[in-house]
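Architecture at a glance
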Amino acid sequence: MSIPDHGLDDPDYAAFAWGRYRRIMAWMLGLSVVLAAVMLGILYWSMGELPLLMAIFVAFGVFGTVALTAALMGLVFLSSGSGHDARVEDRVSKEVLIEDD
């Protein structure tokens, strides 16, 4: 596998990659708000009126879970797509002998 010449070290490519990450995150934050509202609607439909504190915790819980998952997965794809993963040196495998059974 060849290492791409561009990466986050290149200012132009970094601006492009981080801009794409921000656009994806904006969509995902919007989706998080929608999913939190849908979940509150489902709970209201199934349980009736919710206590205010429960509704707040459910909304923040659903929003936070979806937003954090999107942020972390976005960073994984950013790292992989920019070539940072391919640039990692594996110094340990050269020093440690691993025997096959």
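Residues numbered from 1 in each chain as written. Predicted model: local features only at pLDDT ≥ 70, side-chain atom pairs only at ≥ 80, totals over all residues. Heavy atoms only, no water.

From N to C terminus, the chain includes three helices and zero strands. When its helices and strands are written in sequence order, the chain yields α-α-α. In the chain, which comprises 101 residues, the share counted as buried stands at 22%. Long-range contacts, defined here as pairs at least 24 residues apart, represent 66% of the contacts in the chain between residues at least 6 apart. Surface exposure of the chain reaches about 7900 Å², of which carbon and sulfur atoms provide 68%. (Helix = DSSP H or I, 4+ residues; strand = E, 2+ residues; numbered from the N terminus. Buried < 20%, exposed > 50% of the residue type's maximum accessible area, 1.4 Å probe, protein only. Contact = heavy atoms within 4.5 Å. Areas by Shrake-Rupley, 256 points an atom, 1.4 Å probe, with all protein chains shown as cover.)

Between its terminal C-alpha atoms helix α2 (residues 52-82) stretches 44 Å, which fits the 45 Å expected from 31 residues at 1.5 Å a residue. Considering only its buried residues, α2 is in contact with α1 (11-47). Residue G83 follows α2 closely and has a positive phi angle near 90°. (Expected span 1.5 Å × (residues − 1).)

With that out of the way, let us pick up α1. Taking 1.5 Å of rise per residue, 37 residues should cover 54 Å, and α1 covers 52 Å from first to last C-alpha, within 8% of that figure. Within the span of α1, buried status applies to Y13, A14, A17, G19, Y21, M25, S32, A36 and L43. If you follow the buried residues of α1, they end up packed against α2. The first or second residue beyond α1 is G48, which carries a positive phi of 90°.

What follows is about the packing of aromatic side chains. Summed over all chains, the structure comprises two aromatic pairs. Here Y13 and F16 contribute two aromatic rings whose centre-to-centre distance is 5.9 Å and whose plane-to-plane angle is 45°, an arrangement assigned as tilted. Placement of the pair is Y13 and F16 together in helix α1, with a separation of three residues, close to one helical turn. Measuring from ring centre to ring centre gives 5.5 Å for W18 and Y21, while their planes differ by 85°; the resulting arrangement is edge-to-face. Taken as a pair, W18 and Y21 lie in helix α1 at a separation of three residues, close to a single helical turn. Assessed through its relative accessible area of 31%, W18 is described here as partly exposed. (Phe/Tyr/Trp six-rings, centres within 6.5 Å; stacked < 30°, edge-to-face > 60°.)

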